[in-house]
Every structure is written in C-alpha cells, then in structure tokens.
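A closer look at the structure
Each chain is listed here by its residues.
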Amino acid sequence: MIEIIKQILHSDLGTSFNNGALLAFRVLLAIELFRVHGMKKFRVENGQKEHVPNPLHLPEKLNGIVATFSDTIIPFFIIFGLGTRLAVLPTIGVTAIGYFVVHKNDSLEVRDVPYMYTLSLLLLLALGAGTYSLDNYLLTLLNN
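This text gives an overview of the structure that appears in the document. This one's a predicted model, so the numbers in the text were calculated from it and none came from an experiment. (Residues numbered from 1 in each chain as written. Predicted model: local features only at pLDDT ≥ 70, side-chain atom pairs only at ≥ 80, totals over all residues. Heavy atoms only, no water.)

**Some remarks on the packing of helix H2 (residues 16-38) against helix H6 (residues 108-127)**
A pair of packed helices can be characterised by two numbers: the angle between their axes and the separation between those axes. Relative orientation of the contacting elements H2 and H6 amounts to 140°, with a least axis distance of 11 Å. Taken together, H2 and H6 sit at an angle that is classed as oblique. Judged by the sense of rotation from one axis to the other, the crossing of H2 with H6 is left-handed. Taken together, the residues of H6 that come into contact with H2 (itself represented by Leu-22, Phe-25, Arg-26, Leu-29, Glu-32, Leu-33 and His-37) are Val-113, Tyr-117, Ser-120, Leu-121, Leu-123, Leu-124 and Leu-127. A breakdown of the residues in the contact of H2 with H6 according to their chemical character gives ten nonpolar, two polar and two charged. (Axes fitted to C-alpha atoms, helices over the stretch in contact; angles between N-to-C directions. Helix = DSSP H or I, 4+ residues; strand = E, 2+ residues; numbered from the N terminus. Parallel < 35°, antiparallel > 145°, perpendicular 65-115°, else oblique. Left-handed = near helix turned anticlockwise from the far one by under 90°. Contact = heavy atoms within 4.5 Å. Nonpolar A, V, L, I, M, F, W, Y, C, P; charged D, E, K, R; others polar.)

Below you can see the structure in the form of structure tokens.
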C-alpha cells in the first residue's frame, strides 16, 4: 500500500526549471479555475445562483456538490500540490462531461474552454505536481 502511495506522490521532471514551470502552470490553472468557475458557485445574479447542468441525471444535490467541489475546493489542492493526481479526477470528470456531453452540439469556440481545462488537468494527472509540492514533501516523509 505504501508503494502505491509513493507512486501516486512521486513526480520529478528532472530539472528545477521544469519543476518550477510545472508549479507556475499548476498555480495559474487553479487560480483561473477558482476565479472564473468557482466564484460563480457563490454569486447570485438576478436573485438566482448559477445553474449547473446535469446531463447524467444525477440527483440534483449530488450534481451540485460535485460541480462545486471541483471548482472551489480542488483548485486549492492543485495549488498546494496535495494529492494532485487523485484530486484532479473529479474536475476532469466535470470538464470532460462539459466538453463531450453538455457542449457537444456547440461551436468550437464554446467547446474550447472545457476542452482546454480537460487537457490541462490530464497533464497534471500524468505528470503529478512536481517537486515543488506537498506531494513531494509527503513522499520525502514516507521515504525516511
């Protein structure tokens, strides 16, 4: 079990420049996700909160919780690099469903946003958080 956790946490892109670039990418992506999509979950416009599409016909409360969690809590996990590979999974689900289901008949200009988020999050899933992260710190503790 410890070896599986070590595999999930390990992420080293070889040079401090590459790991720094990944840190910048991670932080800027997460800030944008929270600022643009997460803040919508708190705003009330015209007396109503944001409507969250439910193309999978989940219970409304569950659908809202997953979307809100993905856009408000997950960005902080990404910023700090905490459990990054696991943390991005719900948001990948939300953005991929946005691309493949919610916006499937929309123009490429509309589909572009969920597409780019999905690709960016898949990159973090593949690479992990890099050495400048809490994942790396936890891995160091596990190795001692």
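After that view, the rundown keeps rolling.
**Brief notes about the nonpolar core**
Counting residues in each nonpolar core, the largest one holds twelve residues, listed as Leu-22, Leu-29, Ala-30, Leu-33, Ile-74, Ile-78, Ala-87, Val-88, Ile-92, Tyr-117, Leu-121 and Leu-124. Only H2, helix H4 (74-80), helix H5 (84-102) and H6 provide two or more residues apiece to this core. By residue number, the principal contributor to this core is H2, which donates four residues. If we skip the residues at most four places from it in the chain, Ala-30 touches Pro-75, Ile-78 and Ile-79. (Core = buried A, V, L, I, M, F, W, Y, C linked by side-chain atoms within 4.5 Å. Buried < 20%, exposed > 50% of the residue type's maximum accessible area, 1.4 Å probe, protein only.)

**A short note on the side chain of Asp-135**
Position of Asp-135 relative to the elements: it lies in helix H7 (residues 134-143). When neighbours within four sequence positions are excluded, Asp-135 is seen to be in contact with Leu-9, Gly-81, Leu-82, Gly-83, Thr-84 and Ala-129.

**Looking at the pattern of salt bridges**
Inspection of the entire model under this criterion finds three salt bridges. Lys-6 is the partner of Glu-3 in a salt bridge, and the nearest nitrogen-oxygen pair spans 3.7 Å. Here Glu-3 pairs with Lys-6, and both are found in helix H1 (residues 2-9), just three residues apart, close to one helical turn. Accessibility expressed as a relative area gives 52% for Glu-3, which makes it exposed. Measuring nitrogen to oxygen at the nearest pair gives 2.8 Å for the salt bridge that ties Lys-41 to Asp-71. Here Lys-41 is found in the loop between H2 and strand E1 (44-45), whereas its partner Asp-71 is found in helix H3 (residues 60-72), with 30 residues between them in sequence. Since its relative accessible area comes to 11%, Lys-41 is described here as buried. Taking the relative accessible area as the measure of exposure, Asp-71 reaches 8% and is therefore buried. (Salt bridge = Lys/Arg side-chain N within 4 Å of Asp/Glu carboxyl O.)

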